[in-house]
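# A closer look at the structure
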Amino acid sequence: LWFRGVRSSKFRHVYGEPAKREKCYDNIQITKNAHDSQFCAVNPKFIAIVTEVAGGGAFIVIPINCTGRLDFNANRVTGHSGPILDIKWNPFNDNVIASCSDDCTIKLWHIPDEGLSMHLTDWLVELQGHKRRVAYIEWHPTAENILFSAGFDHLVIVWDIEKGEAVNVIDCHHDAIHSMSLNRDGSLLATTCKDKKIKSNRTQKWNSKIGKSVRTNAEGMCHAGSKASKVVFLGTTGRLLTTGFSRHSDRQYSVWDENDISKPLYTDTIDSSSGIVFPFYDIDTNIVFLAGKGDGNIRYYEITDEAPYVHFLNQFLSGNPQRGLGFMPKRGLKTSQCEVFRFYKLHATKGEHNNTLNITSIKQRHFKVQDPPAIDNNKRKFAFLSTETIPDYRPKDLIIEKSQKTSNNQTTKFQQLQQRFSHVEVNNKDIPLIKEINSLGDNILTEHDLRRAYQSQSEEIRKLKKHLANSEQRVRELEEQVRKLTK
């Protein structure tokens, strides 16, 4: 039998670590809407969560550092006449957030740096163009003030929020759109639809005067199940990843070539649960995270360039089912603590009025490899040259005797190594004084040894100085006694 062994990976030790209770957000009235959206958006300044209200739609905005129990009457962003279905922060401005609603409109809001001091009802821009409710919104990753919206009217509209008008309409779907994703530079738009098709639309370079021309680049059949499918671009690898359901209602994921999506490159089954799986991709570590709605766990896989392209790493297990997920952008992570991804999970396990937002940090274990201490000869040379030289006051015949014995093998390093490893007895009675003085210097291999030798010599010098001072004091006392006797 052929044994493959363990696959080499830099991220085999990635693990999830939940935050402590005091670092989470409590008493949040999370919306009960059954729409397959995240209902949560995070940036380094704020956390926005769609909440349950009696009429219309609203969401709360919490400063990132205001953890703990939330006030029941906290200020909200209100202005939609229907339930809010999706919210997204502007990647170019942390104080601007977009929301889409069941009232067929998209609104943009400005949040002050200190948070909301009262209910916010005045929006910056209102975008009207969809004939039915707006399901999803996405910001362009590289072009500022460009927003994509997908509605139940089977249209994807490209908006210029600076002008407050639509610059293009993508009409290539014949059923409800389930998800959309833009690649790294925004040149490709991938969508999944209720008709079980996946489409990749190539967009030309953005020009604010001409607009954005869009054409269908590729099309293929996605997952065979009837439930919603989700899609995400896998960075600059030239591939996409979709999550959906098989014909037998098994949850599965597939990898596609962005230029040829007529058939998947690889498909694998996840499990047999019923919750929709949302994919999250980290461009820096090539790790994709799969989190199912209603699940308690988050799986993470490593993406490679060779088939099967997806390799399971680990999973974060939790007993609380998640109703929504938000993730922190890379600029808001604590990289000094080896944090590579951070999820904000909406939990609803204690009833309507005591929901929580838990934080889960995905980290990589840091293993410190301690190398053996290397001997830097240059540092030793500079250390020797910087020390103060002391004149040699020994008799001349002793110095001549030392120079004569230098050629003898009894005082060389080779003889010392031979004595240590072969247990050869050597007569060391005639080792001169200079060898005893230099014995400490020969054993100095690291900076710690040098510092210890320096402290030892400093202590000896201090004692000698003290002894010399006492001797001088004793001499002065004797001279004074002699002077008194002579008088």
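Residues numbered from 1 in each chain as written. Predicted model: local features only at pLDDT ≥ 70, side-chain atom pairs only at ≥ 80, totals over all residues. Heavy atoms only, no water.

Secondary structure summary: the protein chain contains five helices and 30 strands in total. A total of 487 residues make up the protein chain; the buried ones form 43% of that total. Summarising the internal contacts of the protein chain: among those between residues at least 6 apart in sequence, 50% fall at separations of at least 24. Approximately 27900 Å² of the protein chain is accessible, and the part contributed by carbon and sulfur atoms is 50%. (Helix = DSSP H or I, 4+ residues; strand = E, 2+ residues; numbered from the N terminus. Buried < 20%, exposed > 50% of the residue type's maximum accessible area, 1.4 Å probe, protein only. Contact = heavy atoms within 4.5 Å. Areas by Shrake-Rupley, 256 points an atom, 1.4 Å probe, with all protein chains shown as cover.)

On to the sheet that holds strand E26 (residues 298-303). Spatially, E24-E25-E26-E27 is the arrangement adopted by the four strands of the open sheet, whose pairing is antiparallel. Since the sheet does not close on itself, it has two edges, and those belong to strand E24 (277-282) and strand E27 (310-316), each with one partner. Each adjacent strand pair in this sheet contributes to an overall mean axis angle of 25°, direction not counted. Two elements, E24 and strand E25 (residues 287-292), share six bridges in a ladder whose sense is antiparallel. Along E25, the bridge assignment pairs Pro279 with Leu290. (Pairing = 2+ DSSP bridges. Axes fitted to C-alpha atoms, helices over the stretch in contact; angles between N-to-C directions.)

Before going further, it helps to spend a moment on the sheet that holds strand E20 (residues 230-233). With antiparallel pairing, four strands are arranged side by side in an open sheet as E20-E21-E22-E23. The outermost strands of the open sheet, each flanked by one partner alone, are E20 and strand E23 (266-271). Recorded for the sheet is a direction-independent mean angle of 20° between the axes of neighbouring strands. Two strands pair when backbone bridges link them, and E20 and strand E21 (residues 239-245) are joined in this way by four bridges, in the antiparallel orientation. Within the sheet, the bridge partner assigned to Val232 lies in E21 and is Leu241.

On the UniProt side, "coiled-coil region" (unreviewed entry) is annotated at positions that read residues 454-481 here. Across residues 454-481 one finds 100% helix and 0% strand; the C-alpha atoms that close the span lie 41 Å apart. (UniProt positions renumbered as here; feature names shortened; annotations may be inferred.)

Further remarks concern the pattern of salt bridges. Opposite charge on two side chains allows them to pair when their charged atoms are near. Inspection of every chain in the model, using the stated rule, returns 20 salt bridges. Between Arg342 and Glu339 there is a salt bridge; the shortest N-O distance is 2.8 Å. On the accessibility criterion, Arg342 (9% relative accessible area) is buried. Classification of Glu339 by relative accessible area gives buried; the value is 5%. (Salt bridge = Lys/Arg side-chain N within 4 Å of Asp/Glu carboxyl O.)

Take unusual backbone geometry next. A cis geometry characterises the amide bond from Ala307 onward to Pro308, with omega recorded as 10°. On the secondary structure map, Pro308 appears in the loop between E26 and E27. In this structure, Phe39 is a non-glycine residue whose phi angle is positive, near 60°. Summarising the element assignment, Phe39 is placed in the loop between strand E2 (25-28) and strand E3 (40-42). The backbone of Tyr309 sits at a positive phi, close to 75°, despite the residue not being glycine.

All right, on to the environment of Arg342 then. Among the secondary structure elements, Arg342 is positioned in strand E29 (residues 339-347). Each C-alpha atom, one on Arg342 and one on Lys363, is 8.6 Å from the other, the two residues being 21 residues apart in sequence. Here Arg342 is in contact with Gly326, Phe327, Met328, Gly332, Leu333, Lys334, Ile359, Thr360 and Ser361, once residues within four sequence places are set aside.

The next point concerns the packing of aromatic side chains. The final tally for this structure, using the stated rule, is twelve aromatic pairs. Relative to Tyr266, the ring of Tyr253 has its centre 6.4 Å away and its plane inclined at 50°; by these criteria the two rings are tilted. Taken as a pair, Tyr253 in strand E22 (residues 251-257) and Tyr266 in strand E23 lie far apart in primary sequence, 13 residues in all. Taking the relative accessible area as the measure of exposure, Tyr266 reaches 25% and is therefore partly exposed. An angle of 80° between the planes, with centres 5.6 Å apart, marks the rings of Phe289 and Phe343 as edge-to-face. Separated by 54 residues along the polypeptide, Phe289 in strand E25 and Phe343 in strand E29 bring together distant segments of the chain. Since its relative accessible area comes to 0%, Phe343 is described here as buried. Feature note: the residues Phe280, Phe289, Tyr300, Phe327, Phe341 and Phe343 constitute an aromatic cluster, connected by ring pairs. (Phe/Tyr/Trp six-rings, centres within 6.5 Å; stacked < 30°, edge-to-face > 60°.)

One recurring pattern in soluble globular proteins: nonpolar side chains tend to sit buried together. Counting residues in hydrophobic clusters, the biggest one holds 34 residues, and the most contacted among them are Phe59 and Tyr344. Broken down by element, this core gets its largest block of residues, five residues, from strand E4 (residues 46-51). What Phe59 contacts, discounting residues up to four positions off in sequence, is Ala48, Ile49, Val50, Thr51, Arg76, Val77, Ile84, Ile87, Ile97, Ser99 and Trp109. By size, the runner-up hydrophobic cluster in this structure holds 19 residues, among which are Ala228, Phe280, Phe289 and Phe316. (Core = buried A, V, L, I, M, F, W, Y, C linked by side-chain atoms within 4.5 Å.)

The positions UniProt marks with the feature "repeat: WD" (unreviewed entry) are residues 77-111 and 127-169. Between the end C-alpha atoms of residues 77-111 the distance is 9 Å, and the span holds 0% helix and 63% strand.

A few words now on the pairing of strand E10 (residues 105-110). Burial within E10 is extensive, with five of its six residues counted as buried. Alignment of strand E9 (residues 96-101) against E10, held across five bridges, turns out to be antiparallel. Bridge pairing in E10 links Ser99 to Lys107. Counting the residues in the hairpin turn of E9 and E10 gives three residues, including Cys104, whose phi is positive at 70°. In this structure, E10 lies alongside strand E11 (residues 125-128), joined through four bridges in antiparallel fashion. Its bridge partner lying in E11, Thr105 is registered against Gln128.

Tracing the backbone shows Ser37 in the loop between E2 and E3. Within the local environment of Ser37, its side chain forms a polar contact with the backbone oxygen of Leu85, the two atoms lying 3.0 Å apart. Polar side-chain contacts of Ser37 include one of 3.3 Å to the side chain of Asp86. Each residue touching Ser37, except ones within four places of it in the same chain, is listed here: Leu85, Asp86, Phe278 and Lys293. (Polar contact = N/O pair within 3.5 Å; in protein donor to acceptor, adjacent residues only side chain to side chain.)

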